Amino acid sequence: MAKEIKTIGVLTSGGDAPGMNAAIRAVVRTAIVNGKKVKGIRKGYQGLLDEEIIDMDKSSVSDIIQKGGTILYTARCMEFVTEEGQRKGAEICKKHGIDGLVVIGGDGSFRGAQRLANLGINTIGIPGTIDLDIACTDYTIGFDTAINTAMEAIDKVRDTSTSHERCSIIEVMGRRAGYIALWTGIANGAEDILLPERYDNNEQELINNIIRNRKRGKKHHIIINAEGIGHSESMARRIEAATGMETRATILGHMQRGGTPTCKDRMYASIMGAYAVDLLCAGKSKRVVAYRHGEYVDYDINEALAMKKDIDEYQFNVSKMLSR
């Protein structure tokens, strides 16, 4: 018989994502309804090691669901990568009576959760990352807001690009994953989409495509470039020199992480937060909450971290076909 959880901690780790506050709110309120105490851990694993731990109640999460970012703040922590740091984190959890922990973040955050679970802290992960790069789930908190933010910005750049008959290279987030670039590239009708998973560094093909489009009367050209490829400014200079077409680079940057979360991000994050608490109350540990094939499910954290994710080949082929 699993020992009953009495106090649940919650933290956000890694890059922030719109909708994290909705998940925090759901964790706190679901835990309280189930008769559990709740501790908020500020600044992720760094805050855990520094014991930045606060008591939370229903009023702690009032009027936060519409806010971007995370009220618990977030940080990256190199100390927690070490075994010594992990043991210290587990001892601090025990010192504060935290016997169940909800970690909202990406793969790196889940590895930290995995280590804490191995050290006796019942731990559940919730996927919170704008990059949609967690293999076990079809949805991650923040992705929907990020792509809508990027889409609206790209629409604005397209307006001025059209007016000046320019080529515009618009760089979106995604160091190792091209999902933001793929979705916005299709949604914004880009002529070229550069993804870390598929780009072969054939810049000449981009140049040839611009020249072909100019010959058939195309007045502007939009290239969506993922952060993992980068070098948008130097790429713009080379393309302008090769084509004679005025070319400008726009890097959207961290604006994609902020802003009011969409209805989808608020809704899905809320369900995932409640689901995580339900798992802890059922005595479960070392699980990751996921949304898969239209259902909320959970996976063993070891299995989740071992999964690999790639760009959907059909979606990629459609993006190429529609850009012609």
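Reference entry: report on the structure contained in this document. Because the structure is a prediction, the values reported are computed rather than measured.

## Quick notes on the packing of helix 5 (residues 143–163) against helix 6 (residues 179–187)
Packing of helix 5 against helix 6 leaves a shortest axis separation of 10 Å and a crossing angle of 45 degrees. The angle between the axes of helix 5 and helix 6 places the two elements in the oblique class. The interaxial crossing formed by helix 5 with helix 6 has right-handed handedness. Contacts from F143, A146, I147, A150, M151 and I154 of helix 5 reach helix 6 at Y179, I180, W183, T184 and A187. The class makeup of the residues in the contact of helix 5 with helix 6 is ten nonpolar, one polar and no charged.

## A closer look at the nonpolar core
Within soluble globular proteins, side chains that are nonpolar tend to cluster in buried spots. If you look at the biggest cluster of nonpolar residues, it comprises 57 residues, and the most contacted ones within it are V102, I104 and I126. Setting aside residues no more than four positions away along its own chain, V102 makes contact with I8, G9, V10, L11, V27, I124, I126, A276 and L280. In this structure, L11, Y45, I98 and A304 belong to the second largest nonpolar core, which totals 26 residues.

## Digging into a nonpolar patch on the surface
There is a patch of nonpolar side chains on the surface, built from I186, M321 and L322 and spanning about 290 Å² of accessible area. Within the secondary structure layout, M321 lies in helix 11 (residues 313–322).

## Re the packing of helix 1 (residues 20–33) against helix 9 (residues 263–281)
Where helix 1 contacts helix 9, the two axes come as close as 7 Å, and the packing angle between them is 35 degrees. The crossing of helix 1 and helix 9 is right-handed. Along its contact with helix 1, which presents A22, A23, A26, V27, T30 and A31, the element helix 9 presents R266, A269, S270, G273, A274, V277 and D278. Here the residues of the contact of helix 1 with helix 9 are counted per class, giving eight nonpolar, three polar and two charged.

## A look at the pattern of salt bridges
Side-chain pairs of opposite charge can arise where the charged atoms are in close proximity. In the structure shown here, the tally under the stated rule is 18 salt bridges. Salt-bridge contacts for E51 lead to K95; the nearest nitrogen and oxygen are separated by 3.0 Å. Taken together, the positions of E51 in the loop between helix 2 (44–49) and strand 3 (53–56) and K95 in helix 3 (residues 83–95) put the pair 44 residues apart, joining distant regions of the chain. Under the relative-accessibility criterion, E51 is labelled partly exposed at 32%. Assessed through its relative accessible area of 59%, K95 is described here as exposed. Taking the shortest distance from any N to any O, the salt bridge between R166 and E246 comes out at 3.2 Å. Linking R166 in the loop between helix 5 and strand 6 (167–172) with E246 in the loop between helix 8 (232–243) and strand 9 (247–251), this pair joins segments that are 80 residues apart in sequence. Owing to a relative accessible area of 26%, E246 belongs among the partly exposed residues under this scheme. One network of salt bridges, with partners in common, ties together R166, E240, E246 and R248.

## Examining the packing of aromatic side chains
The full count for this structure, using the stated rule, is six aromatic pairs. For the pair Y268 and Y296, a centre-to-centre distance of 5.8 Å together with 75 degrees between the ring planes defines the contact as edge-to-face. Of this pair, Y268 sits in helix 9 while Y296 sits in strand 11 (residues 295–300); the two residues are 28 residues apart in sequence, bridging distant segments of the chain. Grouped by ring-pair contacts, the aromatic residues Y139, Y268, Y291 and Y296 constitute a single cluster. Just above the ring of F316 sits the side chain of R198; from NZ or CZ to the centre is 5.5 Å. The ring of Y179 has K309 sitting right over it, with the charged end atom 5.0 Å from the ring centre.

## Details of the environment of E52
In this fold, E52 is placed in the loop between helix 2 and strand 3. You can call E52 partly exposed: its relative accessible area is 26%. Between the alpha carbons of E52 and I41 there is a distance of 5.9 Å; along the sequence they are eleven residues apart. Aside from chain neighbours lying at most four places away, what touches E52 is G40, I41, R42, K43 and G47.

## Side note on the state of the cysteines
Summed over all chains, the structure comprises zero disulfides. The thiol of C93 is not disulfide-bonded; the next cysteine sulfur, from C77, is found 13 Å away.

## Re helix 5
The end-to-end C-alpha distance of helix 5, which contains 21 residues, comes to 30 Å, matching closely the 30 Å that a straight helix rising 1.5 Å per residue would cover. All buried positions along helix 5 are accounted for by F143, D144, T145, A146, I147, T149, A150, A153, I154, V157, R158 and S161. Buried residues along helix 5 sit against strand 6, helix 6, strand 8 (221–226), strand 9 and helix 9. Two residues or fewer past helix 5, E165 is found with a positive phi of approximately 55 degrees.

Definitions and cut-offs
- Residues numbered from 1 in each chain as written.
- Predicted model: local features only at pLDDT ≥ 70, side-chain atom pairs only at ≥ 80, totals over all residues.
- Heavy atoms only, no water.
- Axes fitted to C-alpha atoms, helices over the stretch in contact; angles between N-to-C directions.
- Helix = DSSP H or I, 4+ residues; strand = E, 2+ residues; numbered from the N terminus.
- Parallel < 35°, antiparallel > 145°, perpendicular 65-115°, else oblique.
- Left-handed = near helix turned anticlockwise from the far one by under 90°.
- Contact = heavy atoms within 4.5 Å.
- Nonpolar A, V, L, I, M, F, W, Y, C, P; charged D, E, K, R; others polar.
- Core = buried A, V, L, I, M, F, W, Y, C linked by side-chain atoms within 4.5 Å.
- Buried < 20%, exposed > 50% of the residue type's maximum accessible area, 1.4 Å probe, protein only.
- Patch = residues over 30% accessible without salt bridge, like charges linked within 9 Å, V, L, I, M, F, W, Y side chains within 5 Å.
- Areas by Shrake-Rupley, 256 points an atom, 1.4 Å probe, with all protein chains shown as cover.
- Salt bridge = Lys/Arg side-chain N within 4 Å of Asp/Glu carboxyl O.
- Phe/Tyr/Trp six-rings, centres within 6.5 Å; stacked < 30°, edge-to-face > 60°.
- Lys NZ or Arg CZ within 6 Å of the ring centre and 35° of its normal.
- Disulfide = S-S within 2.5 Å.
- Expected span 1.5 Å × (residues − 1).

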